[in-house]
Amino acid sequence: MKRILLSLPLTLLFTIHHSVAAAESSQGKRSPSDQRTTEGSASSSQRTTEGSASASPNVIYILADDLGYGDISCFGQKKLKTPNIDRLATGGIKLTDHYSANTVCTPSRHSLMAGQHAGRCLARGNGKENTLALREEMTVLPEVFKAAGYATGMYGKWGLGITNDPGAPNPMNHGFDEFSAWKSQAIAHTYYPTSIVRNGKEEPLQEGTYIHDLIMDDALAFVEKNAKAGKPFFCYIPTAVPHAAMHAPKALHDKYRKIYPQFEKKIGRYGAGPGEPCPDVKNPIAGYAGMMENFDNQIGQLLELLEKTGQAENTLIMFSSDNGSHLEGGHDPRFWDSNGPLRGHKRDLFEGGIRAPSMARWPGTIKAGTSSDLPSAHYDILATVCDLLDQPVPAQNTGISLLPTLSGKGQQQQREYLYWEHPQSKNRDQAIRIGKWKGVKLGWKVKTPQKLQLFDLEKDLGEQNNIAAQHPDIVKRMEEIIQEAHQPLPVNKPAKKPVKPGNKKAAAKGKKKLNSTPPHPTGKG
Ligand SMILES: [Ca+2]
């Protein structure tokens, strides 16, 4: 597998404020963490002697789907308790300023796998799934684990292609040994699909089978199997909860119908992939609560299994969400206050669309009950894992290692900015964060791109007061960066069918295709 080492020169023009140990970084000067990443100077055994942690900890990454910043109780949810998810925070570190890489499913997942921000990522929106697949020549997250000798498994919504296709869309083509999933992202809209795909093979399901329980059972079996074998593992759990539709197991749905009877006349509706049942939901408020409790119970099962197999202190668990809360399928994020103090929801680049409730737990290594407001994003996970496992950082990476922030050891490398864009089209929304400053430029759904809006997140977390006019230098710098951060996607390949000489109509069609951008992300997801 071809690997190219990457150094990350940074120019800090603005001071980045955060509470965890920080060090100044300047161009050409690398932090100890960065040196480890680029030069491999610290061996696994060296790190092991520094602390009690194993050099090859198990890693579990749980990615919720459309879970808002205010949707779990340790991040402020008042109406619903999530005691097991909260254990990740009380037993580890809360990452209060950690972000999704994008504001919809596919590009967010693509960025997580490839370690690229939204202006470099090859998926810029939801669309035709197999055209948005990861490129085989890239080294992506599970392949880093494979190179370090890990077992790898994925359980949930892949979102990067049809999972029973044998080519590039298939998770097993990108470093997963095994997986259980929906056949496609569109089918993952229903929790009662007609089939499950295991390791690339589609298996029919009996009508009314709640797939989330099957998928989590498979994840638990993968964890138990490898724990007993003493094999380090990477378990990726991109659950579809709490994305539309509001399907919950019947007993839990009924429990919350009694708690919220005022919504009994409300019907939640959503659609799934071709030919797939997506039952309407009577009282979708109760449906949401029931599916969240079921999910929280599953996290409890996972934690108990780690204790039972003696792996709790040898396992790093990370938790986040692929984008902000949604307004689909009868879900009411306003009732639940799903975005907490933030502005906006899914498909927005205001904080409510991208800031994700995120935590990491690794008993004995991550100090319990701590918090960090280091600005960071999903596209930092690849570099973090490379740092953790002493693996080279893939060439396409744009992230930094967060390991010093998680472990409290070493100097945390700084970055100048975080960047987002949505969607891929002539006019797109763009956002940037530099330290406490947040810039948002709206271009999608407006007739002409608007001027960049500037917010001070320390004083104005809800992004209500645009202070761009008071800080022209910051606005100018942000405009320069977002201009550079956005790179157009490579143009489509020309049609394979040769154009006959003299066929002007076909020639014009071929030329148009060559210059066209990928499908516009109008699809749900
Ligand atoms: Ca999503």
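Above this note sits the structure.
Structure report, in brief. From a predicted model like this one, the values you see are computed outputs, not experimental measurements.

All right, on to the overall build of the protein then. For the protein, the count of helices and strands is 14 helices and 18 strands. Contacts spanning at least 24 positions in sequence make up 67% of the contacts within the protein whose residues lie at least 6 apart.

Looking now at unusual backbone geometry. For the bond from Val-241 to Pro-242, the omega torsion is 0 degrees, close enough to zero to count as cis. Its place among the elements puts Pro-242 in the loop between β8 (233–237) and α7 (250–259). A cis amide bond links Ala-244 to the next residue, Ala-245, at an omega of 0 degrees. Structurally, Ala-245 can be placed in the loop between β8 and α7. Within the chain, Glu-463 stands out as a residue other than glycine whose phi angle is a positive 50 degrees. For Glu-463, the location among the structural elements is in the loop between β18 (453–456) and α13 (472–485).

Bringing the sheet that holds strand β6 (residues 195–198) into the picture now. Read across the sheet, 10 strands follow the order β7-β6-β5-β4-β8-β1-β11-β12-β2-β13 without closing on themselves; strand pairing throughout is mixed. Looking at strand neighbours, the two that pair on one side only are β7 (201–204) and β13 (370–372), the edges of this open sheet. Strand-to-strand twist across the sheet, computed as the mean angle between neighbouring axes with direction ignored, equals 15 degrees.

Moving on, we get to the environment of Met-318. One can find Met-318 in strand β11 (residues 315–321). A residue is classified by how many C-beta atoms lie within 10 Å of it, and Met-318, with 25 of them, is buried. For the pair Met-318 and Ala-360, spaced 42 residues apart in sequence, the C-alpha separation works out to 4.3 Å. Not counting residues up to four positions away in its chain, the partners in contact with Met-318 are Tyr-61 and Ala-360.

So, on to the packing of helix α3 (residues 83–90) against helix α8 (residues 284–308). It is at 7 Å that the axes of α3 and α8 come closest, and there the two elements cross at 55 degrees. Between α3 and α8, the angle falls in the class oblique. Residues Pro-83, Asn-84, Ile-85 and Arg-87 of α3 form the contact with α8, whose participating residues are Asp-296, Asn-297, Ile-299, Gly-300 and Leu-303. When grouped by side-chain class, the residues that make up the contact of α3 with α8 number four nonpolar, three polar and two charged.

To continue, consider the nonpolar core. Counting 125 residues, the largest nonpolar core has Cys-235, Ala-360 and Val-385 as its most contacted members. No other element matches α8, which puts 11 residues into this core. Residue assignment places this core across two domains, with domain 1 (32–41 + 52–417) and domain 2 (425–485) each supplying three or more. Other than its neighbours up to four places away in sequence, Val-385 contacts Val-59, Leu-141 and Val-144.

Turning our eyes to something else, we now look at helix α6 (residues 211–229). Under the 1.5 Å per step criterion, the end-to-end length of α6 is 27 Å for 19 residues, consistent within 8% with the ideal 27 Å. Those residues of α6 that sit buried are Ile-211, His-212, Ile-215, Met-216, Asp-218, Ala-219, Phe-222, Val-223, Asn-226 and Ala-227. Across the axial projection of α6, the buried residues extend over an arc of 165 degrees, all falling on one side. Turned more than 90 degrees from where α6 packs its buried face, Lys-228 and Ala-229 sit exposed. Following α6 by one or two positions, Gly-230 adopts a phi angle in the positive range, close to 70 degrees.

Turning to the sheet that holds strand β15 (residues 418–422), a few remarks are in order. If you trace the four strands from one edge of the open sheet to the other, you get β15-β16-β17-β18, paired in antiparallel fashion. Looking along the sheet, the strands with just one partner apiece sit at the ends: β15 and β18. Neighbour-to-neighbour, the strand axes of this sheet turn through a mean angle of 15 degrees, independent of strand direction. Here strand β17 (residues 437–441) pairs with β18 via four bridges, running antiparallel. Looking at the pairing, Gly-439 lines up with Leu-454 of β18. Most of the contacts of α13 go to strand β16 (residues 429–434), to which it runs at about 120 degrees, and overall it touches β15, β16, β17 and β18.

In this section: the pairing of strand β1 (residues 58–64). Burial within β1 is extensive, with seven of its seven residues counted as buried. Burial along β1 is two-sided: the residues Asn-58, Ile-60, Ile-62 and Ala-64 and Val-59, Tyr-61 and Leu-63 are all buried. As paired elements, β1 and β11 share seven bridges and run parallel to each other. Residue pairing across strands places Tyr-61 opposite Met-318, the latter belonging to β11. Bridge analysis of β1 against β8 gives four bridges, and the strand direction is parallel. In the sheet register, Val-59 faces β8, and the bridge partner there is Phe-234.

Moving on to α8. Compared with the 36 Å implied by 1.5 Å per residue over 25 residues, the 36 Å span of α8 between its first and last C-alpha is a close match. Positive phi appears at Gly-310, one or two residues downstream of α8, with a value of about 75 degrees.

The next point concerns the environment of Lys-476. Among the structural elements, Lys-476 can be located in helix α13. Expressed as a C-alpha distance, the spacing of Lys-476 and Leu-452, which sit 24 residues apart in the sequence, is 9.3 Å.

This part takes up the pairing of strand β5 (residues 178–181). Looking at chain direction, strand β4 (residues 151–156) and β5 are connected through four bridges and run parallel. Paired with Tyr-155 across the two strands is Ser-180, which belongs to β5. By the bridge criterion, two bridges tie β5 to β6 in an arrangement that is antiparallel. Paired with Ser-180 across the bridge in β6 is Arg-198.

Axis separation between α6 and α8 bottoms out at 10 Å; the angle between their running directions is 10 degrees. Here α8 runs roughly parallel to α6, going by the angle between their axes. Where α6 crosses over α8, the handedness of that crossing is right-handed. Of the residues in α8, those in contact with His-212, Met-216, Leu-220, Val-223 and Glu-224 of α6 are Asn-294, Gln-298, Gln-301, Leu-302 and Leu-305.

Definitions and cut-offs
- Residues numbered from 1 in each chain as written.
- Predicted model: local features only at pLDDT ≥ 70, side-chain atom pairs only at ≥ 80, totals over all residues.
- Helix = DSSP H or I, 4+ residues; strand = E, 2+ residues; numbered from the N terminus.
- Contact = placed C-beta atoms within 7 Å.
- Pairing = 2+ DSSP bridges.
- Axes fitted to C-alpha atoms, helices over the stretch in contact; angles between N-to-C directions.
- Buried ≥ 20, exposed ≤ 12 C-beta atoms within 10 Å, placed from the backbone.
- Parallel < 35°, antiparallel > 145°, perpendicular 65-115°, else oblique.
- Nonpolar A, V, L, I, M, F, W, Y, C, P; charged D, E, K, R; others polar.
- Core = buried A, V, L, I, M, F, W, Y, C linked by C-beta atoms within 7 Å.
- Domains from an automatic or database assignment.
- Expected span 1.5 Å × (residues − 1).
- Arc of directions from axis to C-beta.
- Left-handed = near helix turned anticlockwise from the far one by under 90°.

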